[in-house]
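Reading the structure
Below are the chains, spelled out letter by letter.
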Amino acid sequence: MNIYIRTKQTEGKAYLHTSVRCGSIVERFNLLMQVDVKKWLEASKTERKKANFLDSMNYTQKIQEIEKGLKVLRKHNKCTKEEVEKLIENIVLHQVR
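Residues numbered from 1 in each chain as written. Predicted model: local features only at pLDDT ≥ 70, side-chain atom pairs only at ≥ 80, totals over all residues. Heavy atoms only, no water.

**Examining the sheet that holds strand E3 (residues 25-36)**
Here is the rule: Note: two strands are recorded as paired if DSSP finds a minimum of 2 bridges between them. Secondary structure is summarised from DSSP: a helix means a run of H or I of at least four residues, a strand means a run of E of at least two, and numbering begins at the N terminus for each. To get an axis, a line is fitted to the C-alpha atoms, and for a helix only the part in contact is used. The angle between two axes follows their N-to-C directions and goes from 0 to 180 degrees. In what follows, residue pairs with any heavy atoms lying within 4.5 Å of each other are defined as contacts.
With respect to topology, 3 strands assemble into an open sheet ordered E1-E2-E3, the strand pairing being antiparallel. If you trace the sheet from one side to the other, it starts and ends with strand E1 (3-5) and E3, each paired once. Ignoring which end each strand starts from, the neighbouring axes of this sheet average 35 degrees apart. Two elements, strand E2 (residues 13-22) and E3, share 9 bridges in a ladder whose sense is antiparallel. Its bridge partner being in E3, His-17 is matched across the sheet by Asn-30. Across the face of the sheet, helix H3 (residues 60-75) comes into contact with E1, E2 and E3 while running at roughly 165 degrees to E3. Those strands touched by helix H4 (residues 81-92) are E2 and E3, and its axis lies near 20 degrees from that of E3.

Everything listed here is a matter of geometry and, on its own, says nothing about what the molecule does.
In structure tokens form, the structure reads like this:
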């Protein structure tokens, strides 16, 4: 799963995003996880740095759960924008609720 931020700012906070193919359409989704933009730009230079950064933010497990959920949605042909958004909310906001 490709993870990126969608901002041109070089400071402050930004949400992580990903692109998911639902059928023949590629949708962009907000992962509801914030990162410091400056730290993300440094960490995203290599995959290893990015993985270590996500792990330090305790996001790795949530991202893996989202990936597993996406596989299940695709397997059952339920990969719609609404279902993916619901999946992300349930996983990321689980601890908050």
